[in-house]
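Observations on the three-dimensional arrangement
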Amino acid sequence: MSQNSPMSPNGLSGVNLRGAVDLSALKNRAAAPAPGASANASPYAVDVNEASFQEFVQLSQQVPVVAAMGSGRSQQSANVTAMLEKVVNEFGGQLALGRIDVDSSPQIAQAFGVTAVPTVVALIKGQPVPMFEGELPEEQVKEFFNELLKVAASNGVTGNLGGAQDPAAVPEPQLPPLHQAARDAIEAGDLETAQSSYEKVLAEKPNDSDAKIGLAQVQLMRRTAGIDVVAAEELRTRAASDQDDLEAALAVADLDATGGHVEDALARLVKFIATHFGPEREPARIRLLELYDVVGISDPRVSASRQALARALF
């Protein structure tokens with residue numbers, strides 16, 4: 001899920017991210033916990049800040065990385081981080097965890113549009129994948145991570161930082177030719193060709209769920225590519241000042257989804273649909289269904305949104 005370039009969510013490229021974070025413990029699976037971690041922390045976890053973020057993002061070319069953004073002033077942040085360390089450790093090197101203190105690294109938080117802590121966002125090949133805010137049950141987080149590994153595998157990210165393979169994880173699938181072509185195009189940064197490949201699959205097999213999800217993900221990446229902090233703020237201002245601005249509503253929903261604010265993204269579009277009855281309603285409905293595919297149809301946030309959509313439509 002990349003344009004073959006370092007991740008710069010919402011303009012993070014403007015931050016000086018050159019610096020050093022010692023990722024050797026991750027890459028070599030050293031027995032000692034990561035610096036700053038608790039005694040029981042995962043060896044696949046490191047503390048990340050604005051100076052070291054870029055190198056951590058580069059690791060997402062090898063394995064999915066999970067950015068846990070919290071605050072030392074928040075007990076809930078500490079609870080979530082401890083749980084994530086435990087779960088990541090159980091995946092035996094298939095995932096890496098970065099602990100980010102938003103108080104000392106505000107530009108990272110701003111880039112992801114973080115408005116509350118804890119917020120958890122995953123990255124695959126430098127591109128954000130929506131996760132969650134607040135606390136979730138451990139079993140639900142494991143389900144999220146298993147789905148994350150499926151997405152990673154479909155995009156060629158199948159590395160391991162060392163250790164035993166998690167038996168619950170899904171191995172890399174053998175992809176049909178057009179699926180493989182889409183994945184190769186994503187790796188080459190050619191999102192247009194990737195989209196075309198998935199569209200060809202769906203033309204032949206309209207019920208191919210993997211192609212449908214892949215297409216929705218690629219389309220979301222294409223829509224949000226190049227939107228920097230200034231442009232994002234302008235879109236949010238437009239959406240707030242003009243409730244009839246369809247373009248702004250769609251764009252802000254995309255930004256919320258990529259930043260991990262899934263409930264906000266879905267609720268925004270449901271509200272737009274509920275308050276508009278002209279031709280602008282259908283594009284909003286279509287975009288909402290696309291985001292359902294990106295988030296995952298089994299996600300409880302999607303189930304809740306579907307119920308709200310039904311009430312809005314009927």
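Whatever comes next refers back to the structure up there.
Every chain begins its residue count from 1, and numbering advances along the sequence as written. Local features are withheld for residues below a pLDDT of 70 in this predicted model, meaning they are given only at 70 or higher, and side-chain atom pairs are given and counted only at 80 or more; totals for whole chains, interfaces and linings count all residues. The basis for the side-chain values is all heavy atoms of the structure; hydrogens and waters are excluded.

Side note on the sheet that holds strand β2 (residues 65-70)
Within a sheet, each strand pairs with its neighbour through backbone hydrogen bonds, oriented either parallel or antiparallel. Note on pairing: DSSP must find at least two bridges between two strands before they are called paired. By definition, any uninterrupted DSSP run of H or I lasting at least four residues is a helix, any uninterrupted run of E lasting at least two residues is a strand, and each is numbered from the N terminus. Pairing is mixed across the open sheet formed by five strands, whose spatial order is β1-β3-β2-β4-β5. Of all strands in the sheet, those bounded by a partner on one side alone are β1 (45-48) and β5 (127-133). Between one strand axis and the next, the sheet turns through 25 degrees on average, direction left out of account. One ladder, built from six bridges, connects β2 with strand β3 (residues 96-101); its direction is parallel. Note that in β3 the partner of Gly-70 across the bridge is Asp-101. Interaxial angles span 0 to 180 degrees and are taken between N-to-C directions of axes, which are lines fitted to C-alpha atoms, for helices over the stretch in contact.

Quick word on the packing of helix α3 (residues 75-90) against helix α5 (residues 138-154)
Two numbers describe how α3 lies on α5: the axes approach to 10 Å, and their chain directions differ by 50 degrees. Overall, the two elements α3 and α5 adopt an arrangement that is oblique. The chirality of how α3 crosses α5 is right-handed. Contacts from Met-83, Leu-84, Lys-86, Val-87, Val-88 and Glu-90 of α3 reach α5 at Glu-138, Val-141, Lys-142 and Phe-145. Taken together, the residues of the contact of α3 with α5 sort by class into six nonpolar, no polar and four charged. These descriptions rest on fixed angle ranges, namely under 35 degrees for roughly parallel, over 145 for roughly antiparallel, 65 to 115 for roughly perpendicular, and the rest for oblique. Crossing handedness is defined as follows: a turn of the near helix away from the far one that is anticlockwise and smaller than a right angle gives a left-handed crossing, while the clockwise case is right-handed. Two residues qualify as a contact provided that any one of their heavy atoms is within 4.5 Å of a heavy atom in the partner residue. Just so you know the grouping, Ala, Val, Leu, Ile, Met, Phe, Trp, Tyr, Cys and Pro go in nonpolar, Asp, Glu, Lys and Arg go in charged, and all remaining residues, Gly too, go in polar.

Digging into the packing of helix α11 (residues 262-275) against helix α12 (residues 281-295)
Direction vectors running N to C along α11 and α12 enclose 155 degrees, while the axes themselves pass 9 Å from each other. Relative to α12, α11 is oriented roughly antiparallel. Judged by the twist between their axes, the crossing of α11 over α12 is left-handed. Touching Val-262, Ala-265, Leu-266, Leu-269, Val-270, Phe-272 and Ile-273 of α11 are Arg-281, Ala-284, Arg-285, Arg-287, Leu-288, Leu-291, Tyr-292 and Val-295, all from α12. Taken together, the residues of the contact of α11 with α12 sort by class into 12 nonpolar, no polar and three charged.

Things to note about helix α13 (residues 300-313)
In a helix, the anticipated span is given by 1.5 Å times the number of residues less one. The first and last C-alpha atoms of α13 sit 20 Å apart over 14 residues, in line with the 20 Å expected at 1.5 Å per residue. For the exposure calls, accessible area comes from a 1.4 Å probe over protein chains only, and a residue counts as buried if that area is under 20% of its type's maximum, exposed if over 50%, partly exposed in between. All of the buried residues in α13 are Arg-301, Val-302, Ser-305, Leu-309 and Ala-312. Across the axial projection of α13, the buried residues extend over an arc of 90 degrees, all falling on one side. Exposed side chains of α13 directed beyond 90 degrees from the buried face belong to Gln-307 and Arg-311. Considering only its buried residues, α13 is in contact with β5, α5, α11 and α12. Residue Asp-299 occupies the N-cap position of α13, its side-chain oxygen lying 2.7 Å from the main-chain nitrogen of Arg-301. By arc we mean the arc of the directions from the helix axis to the C-beta atoms, nothing more. The term polar contact refers here to a pair of N or O atoms within 3.5 Å; inside protein, the definition further demands a hydrogen-donor-capable atom paired with an acceptor-capable atom, and it admits residues adjacent in sequence only when both atoms are side-chain atoms.

Digging into unusual backbone geometry
Of note, the amide linkage connecting Val-117 to Pro-118 takes the cis form, showing an omega dihedral of 0 degrees. Mapping Pro-118 onto the fold places it in the loop between α4 (106-111) and β4 (119-124). In this structure, Lys-125 takes a positive phi of about 50 degrees despite not being glycine. Relative to the helices and strands, Lys-125 is located in the loop between β4 and β5.

Structural notes on the pattern of salt bridges
A side chain of one charge can pair with a side chain of the opposite charge when the charged atoms of the two come close. Within this document, salt bridges are pairs made up of a side-chain nitrogen of Lys or Arg and a carboxyl oxygen of Asp or Glu, the two lying within 4 Å of each other. Under the criterion given, the structure shown has 20 salt bridges. If you follow the salt bridges from partner to partner, you end up with Lys-86, Glu-90, Glu-138, Glu-139 and Lys-142 in one network.

Some points on the packing of aromatic side chains
Each Phe, Tyr or Trp ring (for Trp, its six-membered ring) is paired with any other whose centre lies within 6.5 Å, and the angle between the two planes then decides the class: stacked below 30 degrees, edge-to-face above 60, tilted in between. Inspection of every chain in the model, using the stated rule, returns three aromatic pairs. On the basis of an interplanar angle of 75 degrees and a centroid distance of 5.9 Å, the ring pair of Phe-91 and Phe-145 is categorised as edge-to-face. With a gap of 54 residues between them, Phe-91 in the loop between α3 and β3 and Phe-145 in helix α5 connect regions that are remote in the sequence. Residue classification places Phe-145 among the buried positions, given a relative accessible area of 0%. For the ring pair Phe-132 and Phe-144, a centre distance of 6.0 Å and an interplane angle of 10 degrees mean the geometry is stacked. Placement of the pair is Phe-132 in strand β5 and Phe-144 in helix α5, with a sequence separation of 12 residues. Residue Phe-132 is classed as buried on the basis of its relative accessible area of 2%. Given a relative accessible area of 12%, Phe-144 falls into the buried group.

Comments concerning the pairing of β2
The element β2 is largely enclosed, with a buried count of six among its six residues. Alternating positions in β2 separate into two faces, Val-65, Ala-67 and Met-69 on one and Val-66, Ala-68 and Gly-70 on the other, with burial throughout. After leaving β2, the chain enters α3 and then returns to the sheet as β3, a path that is right-handed. Judged from the five bridges that link them, β2 and β4 form a sheet pairing that is antiparallel. For Met-69, the partnering residue across the bridge sits in β4 and is Thr-119. The handedness rule is simple: strands pointing away from the viewer, and a clockwise path from the first strand over the helix to the second, make the crossover right-handed.

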